[in-house]
Amino acid sequence: MVTFRTTTLKNAQGKPMPDSEDPKQVSNNDLRNSQFGGGLINAETVNAGRVGGDIWNIFLGQPTVTPVGNPARPKNERLLLATVKQEVTARLSQSLHNTLLINLGKELQPQQVKRPWDTEIKIGLKPAEVLSDSTTILDIFDSQEIAGKLLILGNPGSGKTTTQLELAQALIQRAEEQPDYPVPVLFNLSSWKDNRQTLTDWLLTELNLKYGVSTKLGKQWVENHQLLLFLDALDELKPQRQEICVQRINQLLLSQERPSYMVICSRSEEYNNYSTQLQLNGAVCLQPFNNNQIYNYLFNIKRIDLWAIISNESDLLELVKTPLLLSITVLAMEDISLEKWQYFLNTEVRLEYLLNTYVSRMLEREVKIKTDAKLSFPKKEQTIFWLYWLAQQLKKDSKTELLIEQIQPYWLVSKNSKKLYKFIFGLIFGLIAGLSGIPLFGLIGGVIGIPLWGVIRVLILEIFFNSIYVRNLQEITLIENIAWFNFNYELLDLILFFGLVFGLVGALAGGMLAGLVLGVVGGLGGKLIGLITGLITGLIIGLIIGVIGGLVFGLVLGLVLGLFFGLVFGLAGEQSGSFIETKLIPNQGIWKSSINAVLLTLLFGVIGWLIFGLHIGVMFGVITGLFCGEACIQHFSLRLVLYFNGYIPWNYTRFLNYCTERMLLQRVGGRYRFIHKLLQDHFAQMDFKRDSR
């Protein structure tokens, strides 16, 4: 069990230090007007139990994202621009530095606030130069020497990502005004997992996963240089893969798809160890705070009272020379025990203590938020364990963001958990299938449904329909979009062919057998020649009848099944045209998949009812719904097992929103991330022990 020590900081008289008497100052415990998720939240009226956003507006025809920018720009580009703008605004508003200023009653106005840290610029072989306070990151990006290809370096927590986001914000505004300017897009290099994968292919995958851009449209944008790439977290790749990634980036910069502009972020220490350098035009390096800058920072946020404490502790002063740790220290200072601090022997232990104190402080402070009286916040130890487990999974997947619908069965570790997941899935699948009158998948399917369903699916689909249609229970594949005018003609041809073969072989065998019997019976009454003649005649007649009957039966069977499965797979397949979609609410993919399953169930149920009758209509509808809704059943089964094992709460969205309010996570639409990679790594490295279950 992780334990935290909480100590109240006292003044020289031994009394608790009072809050500022400035009426404009807002207490750290007061989150009114705090910004979360990219929008201003009134903490006196918000309901913490509400899932962010109105689901019905998302799925019943209301616009999800309003295009921004010059109308001369194509609509899909303006949709992407609006999506990235929302993301950048949300992440900047939820940065710890900005949240700190808001909580202390200071409104952040980037155009009026000077950069609090020094910045050096290095171009080619020239020595590094210190930039003036008046030089903005946009000035550097636009300079003739850099020409839009920039590397941002710095120590952990030095403000690299914030600097990148501020540059993206300025370039988004430029793209809104200039219809031919590339659209800025944000990517995290930690998701590049295959050394053999080109950066172009990776970009297309990420455009689809993160922004919902179809492969066709994404390829068009990349080839036409219509994207301005922001690549973060180069240093978050495994050490042996970082330089390989640098080589892949350089290959992209030399290819026909090379972007006109590119910005990359990395930690200085890791990058300086590479033998291969990025073929960009220059780099800026964010420098640690000096003592005067720390003093001015505290003065500007009206916490100059902390200077006397920090300046007298040389180890603490050294630790807070980055914006991240200085902000964390300001928020957690009331609970930091200076007596305990002095006993720590190295920086790693001090940093661990500082982050533990920050987490404890955020979970224990009061938050003035109206909630349902029946709802209660989780205990601190339980919250820490759930965040520890989440950080562990993100680390295993080399991710920094969580989409609830992307939780996968391989997150289960023990064999018993995996068996329970499969059993629950088989039970639910069997019960639903039983409603359609398919006895094979009725109640018995709940007990032995998994092996039966797995064997039948693999044998039938892999043998007859090609293995690309086989979906393993170890991966949840969502069907979020219905391509209404899409049809899988390849599958129709395949099923039609096997239908003809099946019908021909079956009818041919039946006809020949019947002819053989008739020939034998007819020849028994005569001599041997009569028997032989009867056999030959019977076989010929059986062959003719079998071929004709088999062709007709196989054609009808193949056509019916081919039309059915071709339409199902076509509707559920990827959009073939230009398409873009954004995750605006938590678990949006599961909600959309479930609604699409219901729609297709009704559609094919009605079609089957009109053609074949009620019973067949119900069967067709339920089969289609199970195919499209299988991901929803898998997701529910998986969430149930994780809940039973104590890894997540029952209402995961409410918990993640609660952690966002506590300034431990950030939320952008339906995506969640820790406020900083440093905090994510801190949770992932915890030596957490809990009661056995």
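Residues numbered from 1 in each chain as written. Predicted model: local features only at pLDDT ≥ 70, side-chain atom pairs only at ≥ 80, totals over all residues. Heavy atoms only, no water.

Colleague: Could you clarify how one ought to interpret the overall build of the chain in this entry?
Modeller: When helices and strands are tallied, the chain shows 24 helices and 12 strands. Each of the 693 residues in the chain was classed as buried or not, and the buried ones make up 50%. Counted over contacts in the chain with a minimum sequence separation of 6, partners at least 24 positions apart contribute 76%. Total accessible area on the chain is roughly 33700 Å²; 59% of this is exposed by carbon and sulfur atoms. (Helix = DSSP H or I, 4+ residues; strand = E, 2+ residues; numbered from the N terminus. Buried < 20%, exposed > 50% of the residue type's maximum accessible area, 1.4 Å probe, protein only. Contact = heavy atoms within 4.5 Å. Areas by Shrake-Rupley, 256 points an atom, 1.4 Å probe, with all protein chains shown as cover.)

Colleague: When you look at the packing of aromatic side chains in this model, what are you seeing that I'm missing?
Modeller: When we look at a pair of aromatic rings, we describe it by the centre distance and by the angle of the planes. Across all of its chains, the model carries 20 aromatic pairs by this definition. Seen in terms of ring centroids, Tyr271 and Tyr274 are 5.4 Å apart; in terms of plane orientation they differ by 75 degrees. Their pairing is edge-to-face. A single burial state applies to Tyr271 and to Tyr274, both of which are buried. Sitting above the plane of the Phe377 ring, Arg662 keeps its charged end 5.5 Å from the centroid. (Phe/Tyr/Trp six-rings, centres within 6.5 Å; stacked < 30°, edge-to-face > 60°. Lys NZ or Arg CZ within 6 Å of the ring centre and 35° of its normal.)

Colleague: I would appreciate a short explanation of the nonpolar core in the present structure.
Modeller: Generally speaking, nonpolar side chains in soluble globular proteins are found buried as a group. Grouped together as the largest cluster of nonpolar side chains are 71 residues, with contacts concentrated most on Leu298, Tyr358, Tyr652, Leu656, Phe674, Leu679 and Phe683. Counting residues per element, this core draws most heavily on helix 16 (residues 380–396), which supplies 9 residues. Not counting the four nearest positions on each side in its chain, Phe683 is found in contact with Val359, Ile384, Leu387, Tyr388, Ala391 and Phe674. Counting residues in each nonpolar core, the second largest holds 68 residues, with Trp202, Leu237, Leu253 and Leu584 among its members. (Core = buried A, V, L, I, M, F, W, Y, C linked by side-chain atoms within 4.5 Å.)

Colleague: Just checking my understanding: could you explain the sheet that holds strand 12 (residues 671–674) for this structure?
Modeller: Strand pairing in a sheet relies on backbone hydrogen bonds, with the paired strands running either antiparallel or parallel. Ordered by their spatial adjacency, 3 strands build an open sheet running 10-12-11, and the pairing between neighbours is antiparallel. Both edges of this open sheet fall to strand 10 (402–403) and strand 11 (665–668), since each of them pairs with a single strand only. As paired elements, strand 11 and strand 12 share 4 bridges and run antiparallel to each other. Looking across to strand 12, one finds that Arg667 is bridged to Tyr672. (Pairing = 2+ DSSP bridges.)

Colleague: Can you walk me through the pattern of salt bridges in this structure?
Modeller: Once the charged atoms of two side chains with opposite charge are near each other, the side chains can pair. Under the definition given, this model contains 15 salt bridges. Arg174 is the partner of Asp142 in a salt bridge, and the nearest nitrogen-oxygen pair spans 2.6 Å. Taken together, the residues Asp142 in helix 4 (residues 137–142) and Arg174 in helix 5 (residues 160–177) connect sequence positions 32 residues apart. The partly exposed category is assigned to Asp142, whose relative accessible area is 38%. Here Glu364 and Lys380 are joined by a salt bridge, their closest N and O atoms 3.0 Å apart. Note that Glu364 is positioned in helix 15 (residues 347–364) and Lys380 in helix 16, a separation of 16 residues in sequence. (Salt bridge = Lys/Arg side-chain N within 4 Å of Asp/Glu carboxyl O.)

Colleague: Just to check I follow, could you spell out unusual backbone geometry for this structure?
Modeller: If a residue is not glycine, its phi is most likely negative; likewise, a peptide bond is most likely trans. One non-glycine residue, Ala147, lies in positive phi territory at about 50 degrees. Within the secondary structure, Ala147 sits in the loop between helix 4 and strand 5 (149–154). Among the residues examined, Ala147 registers a relative accessible area of 40% and is labelled partly exposed. Unlike most non-glycine residues, His225 shows phi in positive territory, near 55 degrees. Note that His225 resides in the loop between helix 7 (215–223) and strand 7 (227–232). Residue His225 is classed as partly exposed on the basis of its relative accessible area of 29%.

Colleague: Would you mind showing me how to read helix 15 here?
Modeller: Its 18 residues give helix 15 an end-to-end C-alpha distance of 26 Å, which sits within 8% of 26 Å, the value for a rise of 1.5 Å per residue. Most of helix 15 sits inside the fold, with 13 of its 18 residues counted as buried. (Expected span 1.5 Å × (residues − 1).)

Colleague: Explain a nonpolar patch on the surface to me, please; I cannot follow it from the model alone.
Modeller: On the surface, a cluster of nonpolar side chains totalling about 860 Å² of accessible area is made up of Leu603, Val606, Ile607, Trp609, Leu610, Ile611, Phe612, Leu614 and Val618. Contributing elements (two or more residues each) for the nonpolar patch: helix 21 (588–612) and helix 22 (614–644). Here the element with the most residues in the nonpolar patch is helix 21; it accounts for 7 residues. Examined against the element boundaries, Val606 turns out to sit in helix 21. (Patch = residues over 30% accessible without salt bridge, like charges linked within 9 Å, V, L, I, M, F, W, Y side chains within 5 Å.)

Colleague: In this structure, what is going on with the pairing of strand 11? I would like to understand it.
Modeller: A regular strand places its side chains so that they alternate between the two faces of the sheet. Both faces of strand 11 are covered, namely the face carrying Leu665 and Arg667 and the face carrying Gln666 and Val668. Taking the residues between adjacent antiparallel strands as the criterion, strand 11 and strand 12 are bridged by 2 residues, where Gly669 takes a positive phi near 65 degrees.

Colleague: So what exactly am I meant to see when it comes to a positive patch on the surface here?
Modeller: On the surface, Lys415, Lys418, Lys419 and Lys422 cluster together to form a positively charged patch. In this structure, Lys422 sits in helix 17 (residues 415–434). (Lys, Arg positive; Asp, Glu negative; His and termini not counted. Charge placed at Lys NZ, Arg CZ, Asp CG, Glu CD.)

Colleague: Could you clarify how one ought to interpret the environment of Val284 in this entry?
Modeller: Mapped onto the secondary structure, Val284 falls in strand 9 (residues 282–286). In sequence terms Val284 and Gly154 are 130 residues apart; their C-alpha atoms lie 8.4 Å from each other.

Colleague: What is the right way to look at helix 22 in this model?
Modeller: For an α-helix, 3.6 residues make a turn, and residues three or four places apart therefore share a direction. The largest bend in helix 22 amounts to roughly 55 degrees and is located at Gly629. Counted residue by residue, helix 22 has 22 buried out of 31 residues, so it is predominantly covered. At the C-terminal side of helix 22, Gly646 shows a positive phi close to 85 degrees. (Bend = angle between axes of the 7 residues up to and from the residue.)

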